[in-house]
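Overview (structure and organization)
Single-letter residue listing:
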Amino acid sequence: MWLYYLLKTISFLICLLPYKLMVKIGRNCGKLYWYIAKKQRIRAEQTMVERLGVSPEAAAGHIHKLFLNLGMTFMEILYMPKLNKDNIRGLVTFDRPEILWEALAQKHGVVMLACHMDNWEWLGAALALYGFPLSAVEKPQPNRVYSDFMNELRRGVGQEIFSRGTSEILGCARAMKHGRMLGLIADQDGGYQGIFVPFLGKMASTPNGPAYFARKFKAPIIPIFIVRKPSDYGHQVFVNDPIYYEETGDQKQDDYNVTLKMTQAVEKIIKQYPDNWIWFQHRWNTPYEEKQ
């Protein structure tokens with residue numbers, strides 16, 4: 001339990017700081033992380049060169065900015081207890097929130113499609129604090145205590161969180177039946193049960209959850225992405241047009257088609273804001289050849 005109380009104490013102290021000072025400290029933490037995490041840095045640069053076709057010099061510049069962003073994001077996550085309905089609008093701005101309200105009004109639930117861009121934890125926090133009924137599945141961490149701490153932060157801003165396991169599908173289905181938004185991540189490796197689609201020029205196993213829930217509940221899939229503002233202070237959220245599941249009678253092909261569309265939306269935002277995506281994650285971990 002010592003780790004839990006340590007995290008709580010650090011979070012408490014960070015919440016005492018002015019937001020801009022906290023971000024500046026986070027930026028310096030990012031610089032330190034860039035020096036320490038050599039393995040992740042090299043993998044990120046190599047992946048960017050291979051998948052975007054940029055020069056090694058350009059990749060190095062982008063990845064340096066990514067690490068600065070990660071440092072600021074880490075501090076902001078610990079700052080989450082300070083977020084509330086009054087200050088969130090000055091920290092996170094939505095370009096088209098009406099798209100979400102219109103989708104929710106259809107009463108079929110909404111699959112909110114996010115990815116590992118910028119501070120995705122603040123994306124969930126902002127949605128909940130703006131009044132959107134958001135449910136999400138926890139992303140397991142290597143340390144259970146850290147997972148519990150993160151879930152406490154998420155619930156503290158109004159999110160409904162489901163733990164992975166036997167109750168996960170039941171909880172997600174209940175959320176959809178009640179017309180809530182179900183937050184799912186689109187850019188993590190889906191394992192051998194995932195759907196293989198091209199992603200940044202290479203076949204990647206992609207989670208099949210969005211296709212499943214869109215098909216089962218006739219719910220729209222809405223890609224939503226968060227990026228850090230050029231000043232480093234605050235974030236901009238982009239709400240894409242809904243993607244609808246189209247049934248032709250061939251479920252496998254239909255699942256592939258909708259997964260491809262949502263993956264293309266993720267590709268587009270990554271190419272627009274390459275400094276914001278975590279390039280060192282193991283996105284292509286499941287070999288495509290072995291799936292065939």
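Description of the structure in this document. (Residues numbered from 1 in each chain as written. Predicted model: local features only at pLDDT ≥ 70, side-chain atom pairs only at ≥ 80, totals over all residues. Heavy atoms only, no water.)

Helix and strand counts for the protein chain stand at twelve helices and nine strands. Counting only C-alpha atoms and orienting by the principal axes, one finds that the protein chain spans roughly 55 × 45 × 40 Å. A separation of at least 24 residues holds for 76% of the contacts in the protein chain among residues at least 6 apart in sequence. With 36 positive and 28 negative side-chain charges, the protein chain shows a separation of 5 Å between the mean positions of the two kinds. (Helix = DSSP H or I, 4+ residues; strand = E, 2+ residues; numbered from the N terminus. Contact = heavy atoms within 4.5 Å. Lys, Arg positive; Asp, Glu negative; His and termini not counted. Charge placed at Lys NZ, Arg CZ, Asp CG, Glu CD.)

What follows is about the pairing of strand β7 (residues 202–206). Of the pairings in the sheet, the one linking strand β6 (residues 195–199) to β7 comprises five bridges and is antiparallel in character. For phenylalanine 196, the partnering residue across the bridge sits in β7 and is serine 205. Between β6 and β7, which pair antiparallel in sequence order, lie two residues; one of them, leucine 200, sits at a positive phi of approximately 50 degrees. (Pairing = 2+ DSSP bridges.)

Before going further, it helps to examine the nonpolar core. Core analysis: the biggest nonpolar cluster contains 49 residues, and Phe199, Phe213, Ile270, Trp277 and Trp279 have the highest contact counts within it. If you tally residues by element for this core, the top one is helix α11 (residues 251–272), at seven residues. Not counting the four nearest positions on each side in its chain, phenylalanine 213 is found in contact with Val111, Ile169, Cys172, Ala173, Met176, Leu182, Leu184, Lys218 and Ala219. Among the nonpolar cores identified, the runner-up in size contains 43 residues, and Tyr19, Met22, Leu83 and Leu129 belong to it. (Core = buried A, V, L, I, M, F, W, Y, C linked by side-chain atoms within 4.5 Å. Buried < 20%, exposed > 50% of the residue type's maximum accessible area, 1.4 Å probe, protein only.)

The subject of this paragraph is the sheet that holds strand β4 (residues 160–162). Taken together, seven strands build an open sheet; the order of strands is β1-β9-β8-β2-β5-β3-β4 and the sheet is mixed. Edge positions in the sheet fall to β1 (92–94) and β4, since each of these pairs with one other strand and no more. Strand after strand, the sheet turns through a mean of 25 degrees between neighbouring axes, direction not considered. When strand β2 (residues 110–114) meets strand β8 (residues 221–228), the two strands line up parallel, connected through three bridges. Each bridged residue has a counterpart across the sheet, and for methionine 112 the counterpart in β8 is isoleucine 222. (Axes fitted to C-alpha atoms, helices over the stretch in contact; angles between N-to-C directions.)

To continue, consider the packing of aromatic side chains. Throughout the structure, instances matching the rule amount to 17 aromatic pairs. An angle of 55 degrees between the planes, with centres 4.9 Å apart, marks the rings of tyrosine 33 and phenylalanine 67 as tilted. With tyrosine 33 in helix α2 (residues 19–36) and phenylalanine 67 in helix α4 (residues 56–78), this pair connects stretches of sequence that are 34 residues apart. For phenylalanine 67, a relative accessible area of 0% corresponds to the buried category. Consider the rings of phenylalanine 196 and tyrosine 288, whose centres lie 5.1 Å apart with planes at 55 degrees: the pair is tilted. You can see phenylalanine 196 sitting in strand β6 and its partner tyrosine 288 sitting in helix α12 (residues 288–291), a full 92 residues away along the chain. Residue tyrosine 288 is classed as partly exposed on the basis of its relative accessible area of 29%. Taken together through their ring pairs, the aromatic side chains of Tyr19, Tyr79, Trp122 and Tyr233 make up a single cluster. In this structure, arginine 89 packs its charged tip against the face of tyrosine 130, placed 4.2 Å from the ring centre. Directly above the aromatic system of phenylalanine 217 lies the positively charged group of lysine 216, at a separation of 5.8 Å from the ring centroid. (Phe/Tyr/Trp six-rings, centres within 6.5 Å; stacked < 30°, edge-to-face > 60°. Lys NZ or Arg CZ within 6 Å of the ring centre and 35° of its normal.)

So, to be careful, I would describe these as geometric facts and stop short of saying anything about function.
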